[in-house]
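Architecture at a glance
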Amino acid sequence: MRKLSIIESSLLIGLAVGFLGLCLLIGYAIIVVANEPVRTPTPILDLPLISSPTAESGLLPTDSAAPLSTPNLIPTIEFIPTPNPSFNDTPPPSGKIAFACYVKQIDQICLLNADGSGRIQLTNFNATAFYPSVSPDGGTVFFSSSKSGNFEIYSIGIDGNNLQKLTNGIGSLYAPELSPNGEWVIFTNNGNGLWLMKPDGSNDHALTNKDDIDPSWSPDGSMISFASSRAGARQLFVMNSDGTNIRQVTDLNNMGGRNTWSPDGTRLAFYRGPKGDRNIYVINVDGTGLVKLTDGGDNLGPSWSPDGNWIVFTSFRDGNNELYIIHPDGTGLTRLTNSPISDWQPRWGK
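Everything numeric here is computed off the predicted structure, so don't read it as measured data. (Residues numbered from 1 in each chain as written. Predicted model: local features only at pLDDT ≥ 70, side-chain atom pairs only at ≥ 80, totals over all residues. Heavy atoms only, no water.)

1. Quick word on the environment of Thr-331
Put simply, the rule is: Note on conventions: DSSP H or I runs of at least 4 residues are helices, E runs of at least 2 residues are strands, and numbering of each starts at the N terminus. Burial here depends on accessible area, computed with a 1.4 Å probe over protein chains only, as a share of the maximum for the residue type. Under 20% is buried, over 50% is exposed, and the range in between is partly exposed. In protein, a polar contact means a hydrogen-donor-capable atom and an acceptor-capable atom, both N or O and within 3.5 Å, with residues adjacent in sequence counting only if both atoms are side-chain atoms; elsewhere, any N or O pair within 3.5 Å suffices.
Its location among the elements puts Thr-331 in the loop between strand E22 (322-326) and strand E23 (334-335). Overall, Thr-331 belongs to the buried group, its relative accessible area being 12%. A polar contact is formed between the side chain of Thr-331 and the side chain of Asp-329, at a distance of 2.6 Å.

Set out below in structure tokens:
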């Protein structure tokens, strides 16, 4: 056998030492990694939009909590309609729009003409007043207020006179609306379903007993639309005015609550989307024909004009909650208010 030279012996010894060092390094790494504590990522907080407090925190009970998720929803095609002349700007918007206005850090009830003129403040309470609606004859505004300590239903004339407190201690009450025939006011009794009462506050009683909110009468008074989580995540439903024949209209995620009927009684307008990116939609009452009217700006609380030509809604698109109107085909977007305070929750009347 040939005897290894000194150089060859040195190389073999070097390789052996290097291999041994590599093994030691790998073993050390395995031990260190195995004993390294697991680091969980820092959670990203779901911070609210920077705006007036009413933009998010005041939307009770509609947005008092994030909607529950609905697994395995069937995807629904959404689209922004191509502008077409199915609606026009003649005649101009008419009637009155009641809305919540954030004055000196408190929500009050305001009113303006549908063309944006004639703005007046109807209430000057030291407590929240919101969720207004205009009576079918255009003479009275119904709303919710915590003026007495609890959220009760009130009414007031469109001239700011004849303020009346209609309820007393039956729950936290929101979103009142007078029926087309003037016989009944429907409203949300938070956590206790939808309730009815006479316009003078008498004969108050429950109509439903689920987590139902934001009711609205159909134009002929035969049906009521509302939002509910009775079937899981919040969706839109309709029922007969006596509470029978409840049907689910939507099957969508991130649903809002406030909704409105088209004057011909065939469609509903509503809002949905993740917080900060909600949009206005219309859908047939049978659940078909979904159309997305807006694209960005965080839009809420639609209300159809009595003539069917416009929908008014709240939008954050200019950095502050303002009122906008748009045709039901997605054309004619127009801003109604330009105020340093938050204007929101509009409801259109004659």
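2. Side note on the state of the cysteines
In protein structure, a disulfide is the covalent linkage between the sulfur atoms of two cysteines. We count it as follows: Whenever a pair of cysteine sulfur atoms sits within 2.5 Å, that pair is classed as a disulfide.
In total, this model carries one disulfide according to the counting rule given. Each sulfur of the disulfide joining Cys-101 and Cys-110 lies 2.0 Å from the other. Disulfide Cys-101-Cys-110: torsion about the S-S bond near 75°, hence right-handed. In this pair, the class of Cys-101 matches that of Cys-110, namely buried.

3. Some words on the pattern of salt bridges
To keep things clear, this is the line we draw: The term salt bridge refers to a side-chain nitrogen of Lys or Arg lying within 4 Å of a carboxyl oxygen of Asp or Glu.
Within the structure shown, the criterion is met by six salt bridges. A salt bridge links Asp-298 to Arg-278; its shortest N-O distance comes to 2.8 Å. Here the residue Asp-298 occupies a position in the loop between strand E19 (291-292) and strand E20 (299-304), and Arg-278 occupies one in the loop between strand E17 (267-272) and strand E18 (279-284), the gap between them amounting to 20 residues. For the pair shown, Asp-298 and Arg-278 are each scored as buried.

4. Some remarks on the sheet that holds strand E7 (residues 164-165)
Put simply, the rule is: DSSP bridges decide pairing: two strands pair if at least two such bridges lie between them.
The four strands lie next to each other as E4-E5-E6-E7, forming an open sheet whose pairing is antiparallel. Of all strands in the sheet, those with a lone pairing partner are strand E4 (129-134) and E7, marking the two edges. Of the pairings in the sheet, the one linking strand E5 (residues 140-145) to strand E6 (residues 152-157) comprises six bridges and is antiparallel in character. Directly across from Val-141, in E6, lies its bridge partner Ile-156.

5. Some details on the side chain of Gln-235
Looking at where Gln-235 falls in the secondary structure, it is placed in strand E14 (residues 235-240). Of the polar contacts made by the side chain of Gln-235, one reaches the backbone oxygen of Leu-252; its length is 2.6 Å.

6. Observations regarding the layout of surface pockets
Any empty space left between atoms is shown by rolling a water-sized probe over those atoms. What counts, and what does not: Points on a 1 Å grid, built from protein atoms alone, make a cavity when a 1.4 Å probe fits but cannot get out and make a pocket when they are open with protein on both sides within 12 Å along at least 5 of 7 lines; residues with an atom within 4 Å of a point are the lining residues. Grid points are joined across faces, edges and corners, and a volume is the space filled by probe spheres set on the points. Any residue that is not Ala, Val, Leu, Ile, Met, Phe, Trp, Tyr, Cys, Pro, Asp, Glu, Lys or Arg is counted as polar, Gly included; the first ten are nonpolar and the last four charged.
When its volume is computed, the largest pocket comes out at roughly 480 Å³. Counting only elements with at least two residues in the lining of the largest pocket, the list comes to E4, strand E8 (173-178), strand E12 (212-217), strand E16 (260-261), E20 and strand E24 (343-349). In terms of residue class, the lining of the largest pocket is built from 11 nonpolar, nine polar and three charged.

7. What to know about the sheet that holds E24
Judged by pairing direction, the sheet is antiparallel, and its four strands sit side by side in the order E3-E2-E1-E24 without closing on themselves. Bordering the open sheet on either side are strand E3 (120-121) and E24, each of which pairs with just one other strand. Note: strand E1 (residues 96-103) against E24, five bridges, orientation antiparallel. Bridging from a neighbouring strand, Lys-96 pairs with Gly-349 of E24.

8. Digging into the nonpolar core
The condition that has to hold: Take the buried residues of types Ala, Val, Leu, Ile, Met, Phe, Trp, Tyr and Cys, join any two whose side-chain atoms come within 4.5 Å, and each joined set is a nonpolar core. Residue contacts are counted whenever heavy atoms from the two residues lie within 4.5 Å of one another.
Core analysis: the largest hydrophobic core is formed by 15 residues, its most contacted members being Leu-236, Val-238, Leu-268 and Phe-270. Mapped onto this core, the elements with two or more residues apiece are strand E13 (223-228), E14, E17 and E18. When near neighbours in sequence (up to four residues on either side) are disregarded, Leu-268 contacts Ser-225, Leu-236, Val-238, Val-249, Asn-259, Thr-260, Trp-261, Tyr-281, Val-282, Ile-283, Val-285 and Trp-304. Listed in part, the 13 residues of the second largest apolar core include Phe-99, Cys-101, Leu-112 and Val-312.

9. Describing the pairing of E5
Summarising burial for E5: five of the six residues are buried, a large majority. The antiparallel pairing of E4 with E5 creates a hairpin that spans five residues between the two strands, and Gly-138 there sits at a positive phi of about 80°.

10. Thoughts on the packing of aromatic side chains
Definition in use: Between rings of Phe, Tyr and Trp, where Trp is taken as its six-membered ring, a pair exists when centres lie within 6.5 Å; planes separated by under 30 degrees are stacked, by over 60 edge-to-face, and by other angles tilted.
Per the stated rule, a full pass over the model turns up 12 aromatic pairs. An angle of 50° between the planes, with centres 6.2 Å apart, marks the rings of Phe-125 and Tyr-154 as tilted. In this pair, Phe-125 sits in the loop between E3 and E4 while Tyr-154 sits in strand E6, placing the two residues 29 residues apart along the sequence. Here Phe-130 and Tyr-174 contribute two aromatic rings whose centre-to-centre distance is 6.0 Å and whose plane-to-plane angle is 65°, an arrangement assigned as edge-to-face. Of this pair, Phe-130 sits in strand E4 while Tyr-174 sits in strand E8, placing them 44 residues apart in sequence. Tyr-174 matches Phe-130 in its accessibility class, with the two residues each being buried. Site record: aromatic cluster; members linked through ring pairs are Phe-130, Tyr-131, Phe-151, Tyr-174 and Trp-344.

11. A few points about the side chain of Ser-305
Of note, Ser-305 is situated in the loop between E20 and strand E21 (311-315). Residue class for Ser-305 comes out buried when judged on its relative accessible area of 2%. Of the polar contacts made by the side chain of Ser-305, one reaches the side chain of Asp-307; its length is 2.6 Å. A polar contact is formed between the side chain of Ser-305 and the backbone nitrogen of Asn-309, at a distance of 3.2 Å. For Ser-305, the contacting residues outside a window of four places in its chain are Pro-263, Trp-310 and Trp-348.

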